[in-house]
Amino acid sequence: MQIQLLFYTTIKNMAGLFDEPSVKYASVAVERGVDQFPDGLTYGVPERLLPLSVGQLVTVPLGKGNTPTSAWVLSLADDAPTLAKGKETKQIYEKERDTIVLPSDVIELAKWMSHYYFSPIGPTLSTMLPGPVRHGTGLVTKQLLDLAENPPDVRITAKQQIVLDTLRSMPASERPIEPSVLMKLSGIGSKSPIDKLVAHGQIKCHQVTRVEATWFRQSLDATTPEQLTDEQTKVLQEIESVLHDGFSSHLLFGVTGSGKTEIYIRLIEQAIQNGGTALVLVPEISLTPQTAARLMGRFPEKRIAILHSALTKSQRHQQWCLVAEGKADIVLGARSAVFAPLQNEQIQIIIVDEEHDHSFKQDNAPRYNGRDVAIRRAWMAKCPIVLGSATPSMESWWNATRRNVSQLHKLTKRVPGLVAPAIEIVDMRNERIHGEIGYPILSSKLQSEINRTIAKDGQILLLLNRRGFAPWIACSSRTCGWMLKCDHCDSSMVYHRKKPLEDAGFVRCHHCATEQRVPKQCPDCSKKIIQLGAGTQKVEAVLRETLQIPSDQIARLDSDTTRKASDLHAVLDNFGEGKIKILLGTQMIAKGLDFPNVQLVGVIDADTAIDLPDFRASERTYQLVSQVCGRCGRGNADATAIIQTFSPEAPAILLASKTDYETFANNEIAYRQNANVPPVSRMVRFIIKDRSFEQAAGRADSLCERLRSIGGDGIAISPAAACVIPRIADRFRFDLTVTATTSQALQKFLVEARKTVKPGRDLAIDVDPISML
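This one's a predicted model, so the numbers in the text were calculated from it and none came from an experiment. (Residues numbered from 1 in each chain as written. Predicted model: local features only at pLDDT ≥ 70, side-chain atom pairs only at ≥ 80, totals over all residues. Heavy atoms only, no water.)

Asks: Explanation requested: the overall build of the protein in the structure shown.
Replies: Helix and strand content of the protein: 21 helices and 30 strands. For the protein, whose C-alpha radius of gyration is 29 Å, the value lies close to the compact-globule estimate of 28 Å for 773 residues. The buried share of the protein, taken over its 773 residues, is 53%. A separation of at least 24 residues holds for 76% of the contacts in the protein among residues at least 6 apart in sequence. About 34,700 Å² of surface is accessible on the protein, with carbon and sulfur atoms providing 49% of the total. Of the side chains in the protein, 91 bear a positive and 85 a negative charge, and the two mean positions are spaced by 4 Å. (Helix = DSSP H or I, 4+ residues; strand = E, 2+ residues; numbered from the N terminus. Rg over C-alpha atoms; globule rule 2.2 N^0.38 Å. Buried < 20%, exposed > 50% of the residue type's maximum accessible area, 1.4 Å probe, protein only. Contact = heavy atoms within 4.5 Å. Areas by Shrake-Rupley, 256 points an atom, 1.4 Å probe, with all protein chains shown as cover. Lys, Arg positive; Asp, Glu negative; His and termini not counted. Charge placed at Lys NZ, Arg CZ, Asp CG, Glu CD.)

Here is the structure:
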């Protein structure tokens, strides 16, 4: 009996509905911010709900009002729990959907995440299940038909023979086919001959979803394996030697264009041959189409499931089910793909490409790092994990070179046919325009190289990691000092144009998304206002105004232009086909893209992150500059990279121009050791929020005292202080950090802290923080 609970009500008001005895007892995690660490809440299971499995979604009564609340089954037991006198065990109301069951190994992963990341387990489990799967979106089925492989010898009619002849004459790439299309091609007026052939076993019928129907028809030209270099062969042999020895961690450090992807593919091939599944993570959704195309080309007969949030609801549901049913040979996706519904024994290898990328870190609860969760999942699955990057994170470099918990493999040379670009730094302090205030957006050198590359019919990538048209709106008077700031945040409003070459626009806060009209004059002195600085929109406008090329040959790629996955794919497809000559964008164009005709890369402003009050600022700058410079020089033509900066002497920029990662990493590690910050130590950041500045400050000081009372060996707690951006969305922010000498010491401290400190809307707890802003 399924009880549909339409109203919040109490058990007393539902007398008679739940008077069955409990035959089992379930430990569940409710989908609320209630921290049930580590064992969850216990409820009785009436016989009408059997069978019940670990990983199923149920509805339970929560609190004094018995509010119907979704919950995940963590474990099942035959015996009732021991309760305080006068207490009774409540019963589960109902199962939400029998078809939704998270594998038990994924449940165990959620328990570890809840423990490690100081996050309630219920919301952690909710993160693992895509919304469309939960709500049953998009699984409309249809038929696809193809020739049977070993048809029986039966008598067939003339019309049935026409149908068979039609199917046999079709290329394999056009099959399977829908019944209505086959009827039309065969010229038969009824579906009956087709149904008879299916019944007789002459034609096989696939029952698939509408999304899967298009998947069956995807056809890419098969590609052949590339010839391995001596370095690639050595690395592959090193990893292959431990492929069947249980868990092992490998850092594949290879310069851009050195052939890391070919090594991934060879390892994936072995995993599939062993009857297992390969899990491949990339940091950005923008990388999945190109990676998927390469995998489909090399494995045309295998099923590749793609998991990421930019798919349509139907696609997300269908792809998740494909994995859950064990039909996927390769699972590819962004951060959340680490939660693919696979049992541990299915996973043969995990690969994390561009492992350094900060997109692997989720910025809301649970604040997990996809790379680190992938390492844990590989450990649970007893399989190897390969972390690949041309600019490894300091954590991965530290683990491989100092702690020796990961094996380091190096690819120091580009594969034959790829020539490293000539990289030049342009000091923008020397580019001031005579008689004008400020500096040009494009240096004379970059302008010259753009024109030269266009003349050669080459393609260009231009990076500026700042959205909008102008990041600041200010008074034109030097004595006034007024600047337009957000009413709800302690940050400036960013000017956005509605169209690249039109003056009409608006201002938007990039923290709380508030928008308003641009003031006509300074509210303090009534003088005119001016726009300062440049974002991607302004660079786009300059390019369209100054270059004599068709407007459709210039494209901008940032979060303002790619609201849907189809927008992103269209731009990348057109760039790959050579229809777009200049692709301008934010950091999403710096990651992993491989286009042979890119002959020029321009970094418009290499200084956007270098002076931020964050100990990772230099690391981010080196990675971004080095990665985008590596996008050129992937064909036969000579390539050039121009880095524009006001800080040409900064080590991060100077060493990035020389592609000297090891020197940079060793210098950075020395700095981190002196400062006692990660990866040398482990860190957790507590962010306290309140609408009142005084309340936020007081709560932060109180929390600091509470944490210091816990203390512990190797634990250091900083004083509470206002965040770098003190107010966001009308909430004042204070933070404090706890550092520990080891992960074990930090986790021991957090277990004690968890007894009195509860995360929520006004307290964010970020273990292994990536951003300190």
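Asks: Explain unusual backbone geometry here, please?
Replies: Leaving glycine aside, a negative phi is the common case for residues, and trans is the common case for peptide bonds. The peptide bond linking leucine 50 to proline 51 adopts the cis configuration, its omega dihedral lying at 0°. Along the chain, proline 51 falls in the loop between β2 (41–46) and β3 (57–62). The amide bond that connects arginine 175 to the next residue, proline 176, takes the cis arrangement and shows omega of 0°. Phi at asparagine 404 is positive, roughly 60°, even though this residue is not glycine. For asparagine 404, the location among the structural elements is in the loop between α13 (394–401) and β14 (407–411). Notably, aspartate 457 is not glycine yet its phi reads approximately 65°, a positive angle.

Asks: How do you make sense of the sheet that holds strand β19 (residues 505–508) when you look at a structure like this?
Replies: Paired through backbone hydrogen bonds, the strands of a sheet run either parallel or antiparallel to each other. The strand order across the open sheet formed by three strands is β18-β19-β20, and the pairing between neighbours is antiparallel. Each edge of the sheet is formed by a strand with only one pairing partner; in this case those strands are β18 (494–497) and β20 (515–516). Direction of pairing for β19 relative to β20: antiparallel, over a ladder of two bridges. Bridge pairing in β20 places arginine 508 opposite glutamate 515. (Pairing = 2+ DSSP bridges.)

Asks: Sorry, what's going on with the environment of alanine 700 here?
Replies: Residue position: alanine 700 is located in helix α20 (residues 693–710). Counting along the chain gives 159 residues from alanine 700 to alanine 541, while the straight-line C-alpha distance between them is 46 Å. The contacts of alanine 700, once residues within four sequence positions are left out, are Ile688, Ala720, Phe734 and Leu736.

Asks: How do you make sense of the sheet that holds strand β15 (residues 422–427) when you look at a structure like this?
Replies: Within the open sheet, the six strands sit side by side as β15-β25-β24-β16-β23-β22. Their pairing is parallel. Pairing within the sheet leaves two strands with one partner each, and these edge strands are β15 and β22 (554–557). Pairwise comparison of adjacent strand axes, ignoring direction, gives a mean angle of 15° for this sheet. With five bridges joining them, strand β16 (residues 459–463) and strand β24 (residues 598–603) adopt parallel strand pairing. Within the sheet, the bridge partner assigned to leucine 462 lies in β24 and is glycine 602. Across the sheet, helix α16 (residues 565–576) touches β16, β22, β23 (582–585) and β24, and the angle it forms with β22 is around 140°. (Axes fitted to C-alpha atoms, helices over the stretch in contact; angles between N-to-C directions.)

Asks: What's the story with the packing of α13 against helix α19 (residues 661–675) in this structure? I'm lost.
Replies: Packed helix pairs are specified by the crossing angle of their axes together with the interaxial distance, meaning the distance between the axes. Running from N to C, α13 and α19 cross one another at 95°; their axes reach a closest spacing of 11 Å. Compared by their axis directions, α13 and α19 come out roughly perpendicular. Of the residues in α19, those in contact with Met394, Trp397 and Trp398 of α13 are Tyr661, Glu662, Phe664, Ala665, Asn666, Glu668, Ile669, Arg672 and Gln673. Of the residues that constitute the contact of α13 with α19, the class distribution is seven nonpolar, two polar and three charged. (Parallel < 35°, antiparallel > 145°, perpendicular 65-115°, else oblique. Nonpolar A, V, L, I, M, F, W, Y, C, P; charged D, E, K, R; others polar.)

Asks: Help me out: how do you make sense of the packing of helix α17 (residues 617–629) against α19 in this one?
Replies: Remark: α17 packs on α19, axes separated minimally by 11 Å, with the N-to-C direction vectors making an angle of 170°. Taken as axis vectors, α17 and α19 run roughly antiparallel relative to one another. Where α17 abuts α19, its residues Ser618, Glu619 and Tyr622 lie against Tyr661, Phe664, Glu668 and Arg672. Split into classes, the residues belonging to the contact of α17 with α19 amount to three nonpolar, one polar and three charged.

Asks: What's the story with the nonpolar core in this structure? I'm lost.
Replies: Leu125, Phe686, Leu707, Leu736 and Val738 are the most contacted members of the largest nonpolar core, which totals 146 residues. Other than its neighbours up to four places away in sequence, leucine 707 contacts Phe686, Ile717, Leu736, Val738, Phe749, Ala753 and Val757. Among the nonpolar cores identified, the runner-up in size contains 20 residues, and Met428, Leu464, Leu543 and Leu547 belong to it. (Core = buried A, V, L, I, M, F, W, Y, C linked by side-chain atoms within 4.5 Å.)

Asks: I tried to follow the environment of proline 719 on my own but got confused; where do I start?
Replies: Residue placement: proline 719 occurs in the loop between β27 (715–717) and β28 (721–728). The class for proline 719 is exposed, based on a relative accessible area of 57%. Between the alpha carbons of proline 719 and tryptophan 482 there is a distance of 33 Å; along the sequence they are 237 residues apart. Look past the residues within four positions of proline 719 in its chain and what remains in contact with it is Cys704, Arg708, Asp735 and Leu736.

Asks: Would you explain the environment of alanine 753 in this entry?
Replies: Examined against the element boundaries, alanine 753 turns out to sit in helix α21 (residues 743–753). The exposure class of alanine 753 is buried, given its relative accessible area of 0%. C-alpha separation for the pair alanine 753 and valine 282, spaced 471 residues apart in sequence, amounts to 34 Å.

Asks: How should I be thinking about the state of the cysteines in this particular structure?
Replies: The full count for this structure, using the stated rule, is zero disulfides. This cysteine, cysteine 704, is not joined by any disulfide, and cysteine 723 carries the nearest cysteine sulfur, 14 Å off. On the accessibility criterion, cysteine 704 (5% relative accessible area) is buried. (Disulfide = S-S within 2.5 Å.)

Asks: Would you explain the packing of aromatic side chains in this entry?
Replies: Taken as a whole and judged by the stated rule, the model has 14 aromatic pairs. Taking the centre distance of 5.0 Å and the plane angle of 90° together, the rings of phenylalanine 575 and phenylalanine 595 count as edge-to-face. A residue pair is termed long-range when its members are at least 10 positions apart, and phenylalanine 575 in helix α16 and phenylalanine 595 in the loop between β23 and β24 qualify at 20 residues. Here the two residues phenylalanine 575 and phenylalanine 595 agree in accessibility, since each one is buried. Linked through ring pairs, Phe253, Trp397, Tyr622, Tyr661 and Phe664 together constitute an aromatic cluster. Sitting over the face of the ring of phenylalanine 118, arginine 754 holds its NZ or CZ atom 5.2 Å from the ring centroid. (Phe/Tyr/Trp six-rings, centres within 6.5 Å; stacked < 30°, edge-to-face > 60°. Lys NZ or Arg CZ within 6 Å of the ring centre and 35° of its normal.)

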